[in-house]
Amino acid sequence: MKKDLFKKIYKKIKEHETIVIARHIGPDPDAIASQISLRDSIRNTFSSKKVYAVGLGVSRFKYFGTLDKIDDSLLQNPLLIVLDLPNKARVDGVSFDRYSDVIKIDHHPLEDIMGKIEYVDETASSTCELIANLINNTNLKMNKEIAAKLFLGIVADSDRFLVPTTNSKTFNIVSDLVAKYKLNLTELYNKLYERPLNEVKFQAYITLNMTNTENGFAYIKLNNEIIKEYKVDSSTASNMVNNFNYIKGIYSWAFVSYDERQEIYKVNIRSRGPIINEIAMRYNGGGHKLASGARIKSPDDIDLLFRELDEACKEYKNNLDLESK
Ligand code: AMP
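Since the model is a prediction, treat every value here as computed from it, not as a measurement. (Residues numbered from 1 in each chain as written. Predicted model: local features only at pLDDT ≥ 70, side-chain atom pairs only at ≥ 80, totals over all residues. Heavy atoms only, no water.)

What follows is about the site of the ligand. Near the ligand, the surroundings consist of 14 residues, among which Arg90, His108, Asn268, Arg270 and Asn284 are the closest. Arg90 has a polar side-chain atom sitting 3.1 Å from an oxygen atom of the ligand. The separation between an oxygen atom of the ligand and a polar main-chain atom of Gly293 is 3.3 Å. Within the complex, 89% of the 480 Å² of free accessible area of the ligand lies under protein. By residue number, the principal contributor to the shell around the ligand is strand S11 (residues 291-296), which donates five residues. Counted by class, the shell around the ligand contains two nonpolar, nine polar and three charged residues. (Near = heavy atom within 4 Å. Polar contact = N/O pair within 3.5 Å; in protein donor to acceptor, adjacent residues only side chain to side chain. Areas by Shrake-Rupley, 256 points an atom, 1.4 Å probe, with all protein chains shown as cover. Helix = DSSP H or I, 4+ residues; strand = E, 2+ residues; numbered from the N terminus. Nonpolar A, V, L, I, M, F, W, Y, C, P; charged D, E, K, R; others polar.)

See below:
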């Protein structure tokens, strides 16, 4: 069945001379690596096609390559491929109404249907894993650079193979990329994980100052003075939220930072048990069952969100206690 889907996607790519590849706002390595890898693979396979990877760039992920600027009202019969995006509202850099042909490739739980072709696999570790599958099962070309980017996207989104969507398929794909393209893992991990000392100090500040509830929920509200004091930026907390996994007695944790430009609170939420995306969805958010985010206007709503997350931890903890009896 998947074979038919790969064929359909490849055929659609073949049909269009102009292709735009988009993903969600506030991109992470999986979102950026998947779009740049797919763009470069299509370009290498079909040299005459115009292929653009769009959306706002992020300086810390510059090593994945540069993004393209387009005016999509000027494109002739373009195909839109959206990656790592479950809901239309969070797309970056395109207007859906300008495209009559849309393909979606995503590993989030299904939300909006965006086009006639949907390759959605919630059980996959990352969108990069799906792009590797697509390339491996069609005539699309892979090379060492593409393999390295896909590898980084898989490693980042699976949190170094820690999240439960990691399975033997993930390892097979990664093993294949590493062996076939002789990837230098040390070099690649340096790109992904090297960070300035002030960020590590900031992480220590969070560790020392976060609040833990008796139910196993931990949170911190970061104000902009602290962010300035540690000389980090407001996205730094988002990038380190995964580092707080596997703390004994903490089942869900959330960081809040304030985006002054958009006048909105950004909340990063993680869990290692309680389902959090259904809660996040009630607060202008969403995501995966164990990794979600929300954008909140009112501080009161942050407290309401935290109360719900704390309740979810309480329920989860009670069930654990019952099981252990
Ligand atoms: P983050 O904490 O920003 O790394 O996001 C974790 C997951 O939640 C990712 O899959 C995001 O795409 C998703 N997510 C973050 N913020 C939102 C939001 N406001 N609405 C829907 N999904 C979100």
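Don't stop here, the text continues.
Within the structure shown, the criterion is met by 15 aromatic pairs. Seen from their ring centres, Tyr189 and Tyr193 are 6.2 Å apart, and the 40° between their planes marks the pair as tilted. Of this pair, Tyr189 and Tyr193 both sit in helix H6 (residues 185-193), four residues apart, which is roughly one turn of that helix. We classify Tyr189 as partly exposed; its relative accessible area is 29%. Overall, Tyr193 belongs to the partly exposed group, its relative accessible area being 29%. Judged by centre distance (4.9 Å) and plane angle (40°), the ring pair of Tyr219 and Phe306 falls under tilted. With Tyr219 in strand S7 (residues 217-222) and Phe306 in helix H11 (residues 299-324), this pair connects stretches of sequence that are 87 residues apart. (Phe/Tyr/Trp six-rings, centres within 6.5 Å; stacked < 30°, edge-to-face > 60°. Buried < 20%, exposed > 50% of the residue type's maximum accessible area, 1.4 Å probe, protein only.)

Overall, mixed pairing links the six strands, which are arranged S6-S7-S8-S9-S11-S10 in an open sheet. Each edge of the open sheet is held by one strand with a lone partner, namely strand S6 (211-212) and strand S10 (285-287). Bridge count between S6 and S7: two bridges; the pairing is antiparallel. Within the sheet, the bridge partner assigned to Thr211 lies in S7 and is Tyr219. In this fold helix H7 (residues 197-209) packs onto S6, S7 and strand S8 (252-259), with an angle of close to 125° to the strand it touches most, S7. Most of the contacts of H11 go to S7, to which it runs at about 160°, and overall it touches S7, S8, strand S9 (264-271) and S11. (Pairing = 2+ DSSP bridges. Contact = heavy atoms within 4.5 Å. Axes fitted to C-alpha atoms, helices over the stretch in contact; angles between N-to-C directions.)

Right, let's talk about the side chain of Asp40 for a bit. Topologically, Asp40 is positioned in helix H2 (residues 29-45). If we skip the residues at most four places from it in the chain, Asp40 touches Ile146 and Lys149.

Moving on: the environment of Glu278. Tracing the backbone through its elements, the reader meets Glu278 in helix H10 (residues 277-281). Sequence separation of Glu278 and Val232 is 46 residues, and the distance between their C-alpha atoms is 31 Å.

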